[in-house]
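Working through the structure, step by step
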Amino acid sequence: MKFNILTLFPDMFPGPLNHSISGKALDNKKYSIKAYDIRNFSGTSNKSVDDTPFGGGAGMVMRADVLDKALNFVKNKNEGIHTASIYLTPSGEKLDQKMIKRIVKYDNLILLCGRYEGVDQRFLDHNQIKEVSIGDYILAGGEIAAFVLIEACIRLIPDVLGNNKSLINESFEDYLLEHPHYTKPAIWNNIKVPDVLRSGNHKMIAEWRKKESLKKTKKVRPDLLKLYNSSKD
Ligand SMILES: C[S@@+](CC[C@H](N)C(=O)[O-])C[C@H]1O[C@@H](n2cnc3c(N)ncnc32)[C@H](O)[C@@H]1O
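This structure is a prediction, so every number in the text was calculated from the model and none was measured.

As far as domains go, the chain holds domain 1 (2-154) and domain 2 (169-232). Centre-to-centre separation of domain 1 and domain 2, based on C-alpha positions: 36 Å.

Another point: the site of the ligand. Lining the immediate environment of the ligand, one finds 19 residues, of which L88, G114, L139, G142 and A145 sit closest. Of the residues forming the shell around the ligand, the biggest block, 4 residues, is contributed by strand 5 (residues 83-94).

Right, let's get into the nonpolar core. With 40 residues, the main nonpolar core has I5, L6, L67, L88, L111, L112 and A146 as its most contacted residues. Elements with a contribution of two residues or more to this core: strand 1 (2-7), strand 2 (32-37), helix 2 (64-77), strand 5, strand 6 (108-113), helix 4 (121-126) and helix 5 (143-154). Looking at this core, the element that brings in the most residues is helix 5, giving 7 residues. Those residues in contact with L67 that lie beyond four places of it in its chain are I38, M62, L112, V119 and F123.

Cis geometry marks the peptide bond from F13 to P14; its omega dihedral reads 0°. Secondary-structure assignment places P14 in the loop between strand 1 and helix 1 (20-27). Residue K184 is joined to P185 through a cis peptide bond whose omega torsion reads 5°. Although it is not a glycine, D159 sits at a positive phi angle of roughly 70°. Relative to the helices and strands, D159 resides in the loop between helix 5 and strand 8 (187-188). Look at N189: it is not a glycine, yet its phi comes out positive at around 60°. As for its placement among the helices and strands, N189 is situated in the loop between strand 8 and strand 9 (191-192). Classification of N189 by C-beta neighbours within 10 Å gives exposed; the count is 5.

This part takes up the sheet that holds strand 5. Read across the open sheet, the 5 strands follow the order 2-1-6-5-7; overall the sheet is parallel. If you trace the sheet from one side to the other, it starts and ends with strand 2 and strand 7 (130-133), each paired once. Averaged over all neighbouring strand pairs, the angle between strand axes comes to 30°, with direction disregarded. Both strand 1 and strand 2 contribute to a ladder of 6 bridges, which runs parallel. Residue pairing in the sheet places F3 in a bridge with I33 of strand 2. Its contacts with the sheet place helix 2 against strand 1, strand 2, strand 5 and strand 6, and it is angled at close to 160° to strand 1.

What follows is about helix 5. Relative to the 16 Å expected for 12 residues at 1.5 Å per residue, helix 5 spans 16 Å between its end C-alpha atoms, a close match to the ideal helical length. Taken together, the buried positions of helix 5 are E143, A145, A146, F147, L149, I150, C153 and I154. Those residues of helix 5 that are buried are in contact with strand 1, helix 1, strand 5, helix 3 (97-103), strand 6 and strand 7.

Analysis parameters
- Residues numbered from 1 in each chain as written.
- Predicted model: local features only at pLDDT ≥ 70, side-chain atom pairs only at ≥ 80, totals over all residues.
- Domains from an automatic or database assignment.
- Near = placed C-beta within 6 Å.
- Helix = DSSP H or I, 4+ residues; strand = E, 2+ residues; numbered from the N terminus.
- Core = buried A, V, L, I, M, F, W, Y, C linked by C-beta atoms within 7 Å.
- Buried ≥ 20, exposed ≤ 12 C-beta atoms within 10 Å, placed from the backbone.
- Contact = placed C-beta atoms within 7 Å.
- Pairing = 2+ DSSP bridges.
- Axes fitted to C-alpha atoms, helices over the stretch in contact; angles between N-to-C directions.
- Expected span 1.5 Å × (residues − 1).

Following this line, the structure appears as structure tokens:
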């Protein structure tokens, strides 16, 4: 998979992706990442990319003409590759594991990271760019949101995780949150690991984990439990 980032801060990349599982996968060429500086497409001597909003109000808006040049440059470089273009924005569709699974089907992603008040809507509509939010809060820019999306994708690329089975029982598979985990020592701070996990009885362990998974989902994410129950109807 190839990630192309349109940003005002290209030096932020690959940043945290250079570490741990995503760092190793990058070294092993399981994916590639290239950041493009939007300012290089400004066409003005002061490299300006934004202007005041029509209708008034606070802040600045990133210009459609500048963004369009940047997007077309990256598209031309990747002609013939199965590509999706995404703008990270708090007013987009909320990212979840299901959406990540759809996104990893593309070979090439173009991720636009906004700054200021956001971007001119005409650019998004004209280029049919998908708007994606990483949650109901406001970040200063789209770069951190892009990191979130990219890392979630990288984990799903075949052979990136040491053990592909890790993906099977994770939270959000089947709408449920994952059961709690325990490791050695068996007694810590006078608190024992649940006996069943040391019983060696795999059927009982699986039942216990399912029960705990349901209990936790009911407590912290009743919305997901509803979806789980209706998927069983
Ligand atoms: C200060 S925010 C703009 C917020 C915008 N005026 C609004 O109220 O929706 C600047 C940039 O940060 C990014 N951003 C902020 N919060 C985000 C979120 N929850 N998910 C994805 N991107 C986000 C977007 O790229 C956005 O263009």
